[in-house]
Amino acid sequence: MPSLEYTRNGFALADGRLRLPGRVFVPVVWSRDLPSRPTSVRVYRDSLGHWDASFVVRRERADTPEADLPGIGVDWGVKTTATTTDPAFDLPHLGHRRRCAAELARAQRKMARRRRPKGQPQSNGYQQAKRQAARVAKKAARQNTHDARIWAKNLIDHHALIAVEDFKPKFLARSRMARKAADAAIGACKRELIERGKRAGRKVVPVPPAYTTMTCSGCGERANLRLGLGVRTFECTACGYTACRDLNAARTILATAERRRAGADDVRHQIASFRDGGSDAVRAGNPGPTGPGGKSPGSIRGDR
Ligand SMILES: [Zn+2]
């Protein structure tokens, strides 16, 4: 891949354009604002033939404002990318992502139609469809990152404690395109949230997803049965608490993190102990990685 590097005297920025030696002016589409004057730039071409410029800048420690709100819980989902304990910070699944998913599915179908049997050289039509698919995938990734940055920054600016569902997308080959698009969006948001939160000095607590959907955020009681796919409302049989399923999960995630007073690493069994007031004794006596109830963490993820 062609790549060129310029240091401070070799380039300049003016009117949103990059000036390179030899009176070369390049219009730049900015992915984000530069925090300070760049000290060098690398110009390179990627696999799709796009030219990218990456600037090296000196970054002051991010000056995040004092948090005006205590804690927030974040639950990930397909229809709503992030449901939080405060609806003002929810992130809906954005329409352009859905469009991207449809576009990508179309390009991949075209590839499949044009694919020749193994051993034969692929046609130009196939190569074209392949490039198209790569272009759409890249566009979608860029938009995810962009949306995730804006959303995460706002959330981090306002909260001192961020309890986030530690959801790990699997990107199964057989899962639907819409599901893959949603997982990619979740991945981007989770990454931004955790990185930004740590950089800003906030307390970021990942909470394992096991049982969050089944646990009552009102009283901590865990339902015996997992909620069916279509059940959007959580109803506690113990205390009568009722809430939207995702909101209840977000609240359970936050409650779990708030109960946690000790070290930073293992919260696997927090939800079981949240019900018992989060006592360390209960936590220390946890029965190992399968957790109470014998179900492995993640076995209730069918709602994605
Ligand atoms: Zn309850």
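Whatever comes next refers back to the structure up there.
Presented here is an overview of the structure given in this document.

Conventions we followed
- Residues numbered from 1 in each chain as written.
- Predicted model: local features only at pLDDT ≥ 70, side-chain atom pairs only at ≥ 80, totals over all residues.
- Heavy atoms only, no water.
- Helix = DSSP H or I, 4+ residues; strand = E, 2+ residues; numbered from the N terminus.
- Contact = heavy atoms within 4.5 Å.
- Axes fitted to C-alpha atoms, helices over the stretch in contact; angles between N-to-C directions.
- Parallel < 35°, antiparallel > 145°, perpendicular 65-115°, else oblique.
- Left-handed = near helix turned anticlockwise from the far one by under 90°.
- Nonpolar A, V, L, I, M, F, W, Y, C, P; charged D, E, K, R; others polar.
- Donors = N, O, S within 2.8 Å, 3.2 Å for Na, K, Ca; no water.
- Tetrahedral: all angles 85-135°; square planar, octahedral: opposite > 155°, others 65-115°.
- Buried < 20%, exposed > 50% of the residue type's maximum accessible area, 1.4 Å probe, protein only.
- Expected span 1.5 Å × (residues − 1).
- Core = buried A, V, L, I, M, F, W, Y, C linked by side-chain atoms within 4.5 Å.

**Concerning the side chain of His159**
Tracing the backbone shows His159 in strand 10 (residues 159-165). Ignoring anything within four residues of it in the chain, the contact list for His159 reads Ala67, Leu69, Pro70, Gly71, Ile72, Phe89 and Arg202.

**What to know about the packing of helix 2 (residues 124-158) against helix 3 (residues 177-199)**
Axis separation between helix 2 and helix 3 bottoms out at 8 Å; the angle between their running directions is 40°. Judged by the inter-axis angle, helix 2 sits oblique to helix 3. Here helix 2 runs over helix 3; the crossing is right-handed. Here helix 2 contributes Asn144, Thr145, Ala148, Arg149, Trp151, Ala152, Lys153, Leu155 and Ile156 to the contact with helix 3, which in turn contributes Ala184, Ala185, Ala188, Cys189, Glu192, Leu193, Arg196 and Gly197. By residue class, the composition of the contact of helix 2 with helix 3 is 10 nonpolar, 3 polar and 4 charged.

**Remarks on the coordination of the zinc ion**
For the zinc ion, every protein donor is listed as Cys216 (SG), Cys219 (SG), Cys236 (SG) and Cys239 (SG), and the spread of their distances is 2.3 Å. Of note is the zinc ion, whose 4 donor atoms meet at the metal with angles of 106 to 112° in an arrangement that counts as tetrahedral. Positions of the donor residues of the zinc ion along the chain correspond to the pattern C-x2-C-x16-C-x2-C. Given the relative accessible area of 8%, Cys236 is considered buried. Judged by its relative accessible area of 43%, Cys239 falls in the partly exposed class.

**Some thoughts on helix 4 (residues 245-259)**
Between its terminal C-alpha atoms helix 4 stretches 21 Å, which fits the 21 Å expected from 15 residues at 1.5 Å a residue. Those residues of helix 4 not exposed but buried are Arg245, Asp246, Leu247, Asn248, Ala249, Ala250, Thr252, Ile253, Leu254, Ala255, Thr256 and Ala257.

**What to know about the nonpolar core**
Judged by nonpolar contacts, the single largest core of 21 residues is most densely connected at Val74, Trp76, Trp151, Leu155, Val164 and Leu193. Within the residue set of this core, elements represented by two or more residues are strand 7 (69-76), helix 2, strand 10 and helix 3.

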